[in-house]
Amino acid sequence: MITYTNKNYNIAVIGAGHAGCEAALAAARMGFRTVLFTLTMDLVANLPCNPSIGGTGKGHIVFEIDALGGTMGKIADGAMLQSRMLNVSKGPAVHSLRMQADRVRYRELMRHELESCPNLLLSQAEVVEVKTENGKVRGVVTKTGAFYECDAVIVTTGTSLGGRIIIGECVYSAGPDNTVAATELTKSLLSAGVKMQRFKTGTPPRVHSDSIDYSVMERQPGDERAVLFSSKEYGVNKNDCFVTYTNEKTHQIIKDNLHRSPLFSGIIEGVGARYCPSIEDKVTRFADKERHQLFIEPMGENTKEMYIQGLSSSMPEEVQMQIIKSIKGLENAVVMRTAYAIEYDCCDPTQLYPTLEFKEIKGLYGAGQFNGTSGYEEAAAQGLVAGINAALKLQGREPMIIDRSEGYIGTLIDDIVIKGTNEPYRMMTSRSEYRLVLRQDNAEERLIEKGRYAGLIDDERYSRFLADKNALEAEVERLRRQTLPLSEGLKKVFTDAGFEEPSGGIKIAEALKRPGITYEALGELDKGRGDVPEYIRNKAEIEIKYEGYIKKQLAQIEQFKKLESKQLPADIDYSKIKGIRIEAAQKLAKNRPASVGQASRISGISPADVSVLLIWLQQRGR
Amino acid sequence: MSTVAAISTPVGKGGIAVIRISGDAATEIADRVFLPANKKPLSETEADRAVYGGIFCGKTQIDDGIAVVFKAPRSFTGEDTVEISCHGGVLITKRVLEAVFAAGAHPAGAGEFTKRAFLNGKLSLSEAEAIGGLIDAKTDKYISVSLAQSKGSLGKAVKALSDRLVFLAASVYAFIDYPDEDMTDVSVEEMRKELNSILYRLDELISTHRYGKAISEGVDTAIVGKPNTGKSSLLNMLCGEDRAIVTDIAGTTRDIVTEQVNFGGVLLRLSDTAGIRQTGTDSIVEEIGINKSKKKISDAEVLLAVFDGSMPPSSEDRELMMLLADRREDTVAIVNKTDILEPNSELLAELREKFKGVVKISAKTGEGAERLQMEIEEICGKRNRVSEGEIVTSARQNAALLKARGFIASALESLSLYTQDIASLDIENAVAALDEVDARVASEQIVNEIFSKFCVGK
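Residues numbered from 1 in each chain as written. Chains lettered and ligands numbered in written order. Predicted model: local features only at pLDDT ≥ 70, side-chain atom pairs only at ≥ 80, totals over all residues.

**Student:** What is the right way to look at the overall build of chain B in this model?
**Tutor:** Across its full length, chain B holds 18 helices and 14 strands. Buried positions account for 48% of the 458 residues belonging to chain B. Intrachain contacts of chain B at a sequence separation of at least 6 include 68% that bridge at least 24 residues. (Helix = DSSP H or I, 4+ residues; strand = E, 2+ residues; numbered from the N terminus. Buried ≥ 20, exposed ≤ 12 C-beta atoms within 10 Å, placed from the backbone. Contact = placed C-beta atoms within 7 Å.)

**Student:** Please explain the environment of A:Gln82 as it appears in this structure.
**Tutor:** Checked against the element boundaries, A:Gln82 lands in strand β5 (residues 80-86). Leave out the neighbours within four places in its chain, and A:Gln82 touches A:Met99, A:Gln100, A:Gly222, A:Asn237, A:Lys238, A:Asn239, A:Asp240 and A:Cys241.

**Student:** Explain unusual backbone geometry here, please?
**Tutor:** Trans is the common state for peptide bonds, and a negative phi is the common state for residues other than glycine. Of the consecutive residues B:Ala72 and B:Pro73, the connecting peptide bond is found in the cis state with omega at 0 degrees. Along the chain, the position of B:Pro73 falls in the loop between β5 (60-70) and β6 (81-87). Of note in this structure, A:Ala45 is not a glycine but carries a positive phi near 55 degrees. C-beta crowding within 10 Å serves as the criterion here: with 26 such atoms nearby, A:Ala45 is assigned to the buried category.

**Student:** Which parts of the structure should I look at to understand the sheet that holds strand β2 (residues 11-14) of chain A?
**Tutor:** Within a beta sheet, neighbouring strands are joined by backbone hydrogen bonds and run either parallel or antiparallel to one another. All names here are of chain A. One open sheet holds the five strands; their spatial order is β7-β3-β2-β11-β24, and the pairing between them is parallel. Each of the sheet's edge strands pairs with one partner strand only, and the pair in question is β7 (120-124) and β24 (364-366). Taking the axes of each pair of neighbouring strands and ignoring which way they run, one obtains an average angle of 20 degrees across the sheet. In this structure, strand β3 (residues 34-38) lies alongside β7, joined through five bridges in parallel fashion. Paired with Thr34 across the bridge in β7 is Leu120. Sheet contacts for helix α1 (residues 18-29): β2, β3, β7 and β11 (152-155); angle to β3, the most-contacted strand, approximately 165 degrees. Here helix α10 (residues 376-395) sits on the sheet in contact with β2, β11 and β24, set at roughly 170 degrees to β11. (Pairing = 2+ DSSP bridges. Axes fitted to C-alpha atoms, helices over the stretch in contact; angles between N-to-C directions.)

**Student:** I keep staring at the nonpolar core and nothing clicks. Help me out?
**Tutor:** For soluble globular proteins, nonpolar side chains are generally found buried alongside one another. Counting 228 residues, the largest nonpolar core has A:Ala12, A:Val153, A:Ile154 and B:Ile334 as its most contacted members. When sequence neighbours within four positions are dropped, the list of residues in contact with A:Val153 reads A:Ala12, A:Ile14, A:Val130, A:Val137, A:Val140, A:Gly363 and A:Leu364. One finds B:Leu42, B:Ala67, B:Phe76 and B:Leu97 within the second-largest nonpolar core, a separate group that totals 31 residues. (Core = buried A, V, L, I, M, F, W, Y, C linked by C-beta atoms within 7 Å.)

**Student:** What's the story with the sheet that holds strand β23 (residues 340-347) of chain A in this structure? I'm lost.
**Tutor:** All names here are of chain A. Spatially, four strands are ordered β13-β12-β23-β14 in an open sheet, and the strand pairing comes out antiparallel. Edge positions in the open sheet fall to β13 (170-173) and β14 (196-203), since each of these has one partner strand only. Within the sheet, the average angular offset between the axes of one strand and its neighbour, ignoring direction, is 20 degrees. Where β14 meets β23, eight bridges bridge the pair, whose relative direction is antiparallel. For Gln197, the partnering residue across the bridge sits in β23 and is Cys346.

**Student:** Explain the pairing of strand β8 (residues 219-224) of chain B to me, please; I cannot follow it from the model alone.
**Tutor:** Remark: a regular strand shows side chains that alternate across the two faces of the sheet. Residues and elements named next belong to chain B. A large share of β8 lies buried, amounting to five of its six residues. Examined bridge by bridge, β8 and strand β12 (residues 302-308) share four bridges and lie parallel to one another. Of the residues in β12, the one forming a bridge with Val224 is Ala305.

**Student:** When you look at the packing of helix α6 (residues 153-177) of chain B against helix α17 (residues 420-437) of chain B in this model, what are you seeing that I'm missing?
**Tutor:** A packed helix pair is summarised by two numbers, namely the angle formed by the two axes and the spacing between the axes. Residue and element names in this part refer to chain B. For the pair α6 and α17, interaxial distance at closest approach is 9 Å and the crossing angle is 155 degrees. Taken as axis vectors, α6 and α17 run roughly antiparallel relative to one another. Viewed along their axes, α6 and α17 form a crossing whose handedness is left-handed. Counted together, Val158, Leu161, Ser162, Leu165, Val166, Leu168, Ala169, Val172, Tyr173 and Ile176 of α6 and Gln420, Asp421, Ser424, Ile427, Glu428, Ala430, Val431, Leu434, Asp435 and Val437 of α17 form the full contact between these two elements. Among the residues forming the contact of α6 with α17, the class breakdown is 14 nonpolar, three polar and three charged. (Parallel < 35°, antiparallel > 145°, perpendicular 65-115°, else oblique. Left-handed = near helix turned anticlockwise from the far one by under 90°. Nonpolar A, V, L, I, M, F, W, Y, C, P; charged D, E, K, R; others polar.)

**Student:** Explain the packing of α1(A) against α10(A) here, please?
**Tutor:** All names here are of chain A. Across the interface, α1 lies against α10 with an axial gap of 7 Å and an inter-helix angle of 30 degrees. Viewed along their axes, α1 and α10 adopt a mutual orientation that is roughly parallel. In this structure, α1 crosses over α10, and the sense of that crossing is right-handed. Residues His18, Ala19, Gly20, Cys21, Glu22, Ala23, Ala24, Ala26 and Ala27 of α1 touch α10, and the partners they reach there are Tyr376, Ala379, Ala380, Gln382, Gly383, Leu384, Ala386, Gly387, Ile388, Ala390 and Ala391. Partitioned by chemical class, the residues of the contact of α1 with α10 number 14 nonpolar, five polar and one charged.

**Student:** Sorry if this is basic, but what is going on with helix α2 (residues 90-102) of chain B here?
**Tutor:** Each full turn of the α-helix corresponds to 3.6 residues, which orients residues three or four apart in the same direction. Residue and element names in this part refer to chain B. Given a rise of 1.5 Å per residue, 13 residues ought to cover 18 Å, and the 18 Å separating the end C-alpha atoms of α2 matches this to within 8%. Within the sequence span of α2, burial applies to Thr93, Val96, Leu97, Ala99 and Val100. Projected down its long axis, α2 carries its buried residues within an arc of 155 degrees, all on one side. Exposed side of α2, more than 90 degrees from the buried face: Val90 and Leu91 are the residues found there. Elements that come into contact with the buried residues of α2 comprise β1 (4-7), β2 (16-22), α1 (26-33), β4 (50-57), β5 and β6. Looking one or two residues beyond α2, the residue adopting positive phi is Gly104, at roughly 125 degrees. (Expected span 1.5 Å × (residues − 1). Arc of directions from axis to C-beta.)

Purely geometric numbers; function is a separate question.
As structure tokens, then:
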């Protein structure tokens, strides 16, 4: 029931998780009075699952968020406990940064950021209704009776929307970490015409550090040099992680109790993610695997709570305890938080434009788990894009859209709004067909202009970027131009890498193109080398070493852009196009793709349908 | 889509002709022209059952025949379809078709039925192409290959390769995307081995294209030799009574520039046959001039070099051998006139040294024709085929396979120059190229190209 109206805000953001924080910060920084609602003031920007930021594909996203002027990378850097670059044995395209983060510190830093941001109010309240009128959003209503009239609403409800925690036979209404669930908003969204679905995710147990026998586990320290997301400096590793394994006994306990798992007993209705399976899932699906790897990760500097990555479960509590105690090093472990599965409401993201605005409800945006994705990073990225576009629209400016060839964020959004998803969508490097050019190291080159366009990159940051860019170009140019004279040293570098001795001097770039010959190895011989920062040297090396392949990808991107640029007018009557299948016409009418490229990625649209569209466009053009 | 109709059997003298009507209104239209003897309209008749009845144009009965109703999606096109079998003969068939048009059907475009079958997902593109092949076939061989392909056997072979590549790329990425999952990494060596094995299989398929092309489109063939070696009798032998000339290209026989001859399962496109027939004495070396004969030789895919077996090699013969020196793989050396004398041993020895295929014939009596067939088939790459359905007949499929081959070669290169994850990008591109063979990712050109080759009624 509405008891009063608040007209102080242009934009309302529902939920202060990773999506909500980025959305609200972007909108407020772009000059709009923004209110960010949270159910629990003390759990803003919570990390309710793993205490880490980044990882494969996700690390790329954090770098991209940073390049666009988002906040996640900076907060993660501040809360860093350990930094590790994954996949260093593979090519630079798949190097992925993962950071263990102090979850309390993370929350604190983000809350400070929100509270110190002009134009932004962080408010504890449950939104129970989104008001719409004639296909346009009008504002939101809180449980306590306030009607916030505003021009844009961004829904970032995470797993709190209709949340239901499941631990074995025990089921109750709750959001993550036993917070209250938002129970009324779904109904309001449904009546506004939003199509909803129900997903499931889960989290492993946490145990007390003093009850763990680390002496029988493998220690996993951070990298010697702790790379950061937002800063070009190096950080300091504070904590180690540890590795242990499940065993036959563990698997037997799980098998014996499978009938009590809500996944198998049918209590869980939501669709879970294939790539983030619970331990009972892993044991049943990979029955021939003798053991599964587990990581023991710190939850924070000032807590003894440890997270057991890989042991996500929805088994009854007593079974969970048996499982834990069967594991090497955890025989005497004391559980502080029980693992649980959680079901929640989310929307079908094919209802969204790539700006993340609902096609049918102007001014309503969705981001994060509400859009069917999984992961803090994926959520933050969408929050940023939704926040930027909500603000741009109110400014009357062109939207900011990242396409598949420009970033993992673009790939993520394109995937969910075009193809939709029937399980929580997680980013992976293999999802991008342009991954060689979408690297962590060049995120700024790819995206800073877009962040600058939105107004989130200030002059100082931008001029720093330009200086780096110039330094990089100069270094690449130098490497291409300068020659290493023939010397014993040069011969040795070549033979060490398995090549024949060179017969004369060689251009530095030519030497670098050979696998195994690194910038570092040429150090002594490269007399012309100036004082170039390491991150720029690395980029220069990548640019030269992979030049051939990067060119190939750029050619592919050009092809992709061609189809992307074949616009499909919004008012096409697909049923009138001769030769198109009825089913395809219906799908196209429903999705309303903006280009032939987008149309070609809609599931159920066959190559023949695409051909028909192209032919139709051609005839129309005549 | 509109409802279309066409005569689906060859126009001409056949005992019966079939008129196919396909589209949403097929039964409705058929009701207006076909009245079953049992008076139950076709729209109410059970599907897949033959019904006898009268065929009408307005109120006038023009023929009687059989009609079968096929219900979507269980028909060739995937749409509601009625097939009316009437009496054959140009006039009557045409009248029935006109009656069907008058009842509301539109004329079907070339290849439209097959195109609809493809658009409705009843056929993959390679199956559709194969059906085109069946219709166009000028050689028996092409018919049996097309038949096997229409059942999807080339598609299956390609799919198997594509599956292996997908698995390989997936194993690289499983490791990269799940670094915590203590998985065993695919080693560079394993990848290289698998890629090489796929490359080998791909080459096997690609190598069938020479033969595939020979039985479908045909091969450009030139008959060369000095005067009086019997080139025109060879031409007659190739086009002999029981081996009909397949195509006449516009005009009188006198003007013929190219003749297509079905010789032993392959289609030979003989160029400049008019010249050979007219003069009977032409000499490539003397009359056309050395440059022209060089061009003739370089333009042809298969060369039939005719030598007079009754005499030792002349300087002209040797000159010809020289001209053919770098085409030895494509040349059949034909030693003619075995009916006159045992072939000259000096000539035979020289030819055997210079060419792989040497055949002794008598163009006059027809002796040696079978050996010649075998040699020509051999040159056209018959031995490369693995199984009937796995012959790559269309140039489009071959181009896609070559493209895939290029990407796999590039993947192997990436493995030595860069890293596995980059090689897997090449692998993904190879998969996309293989999908083009079966046109799971077809561009508009591909689709148009394929269906434009069909004739009306298919």
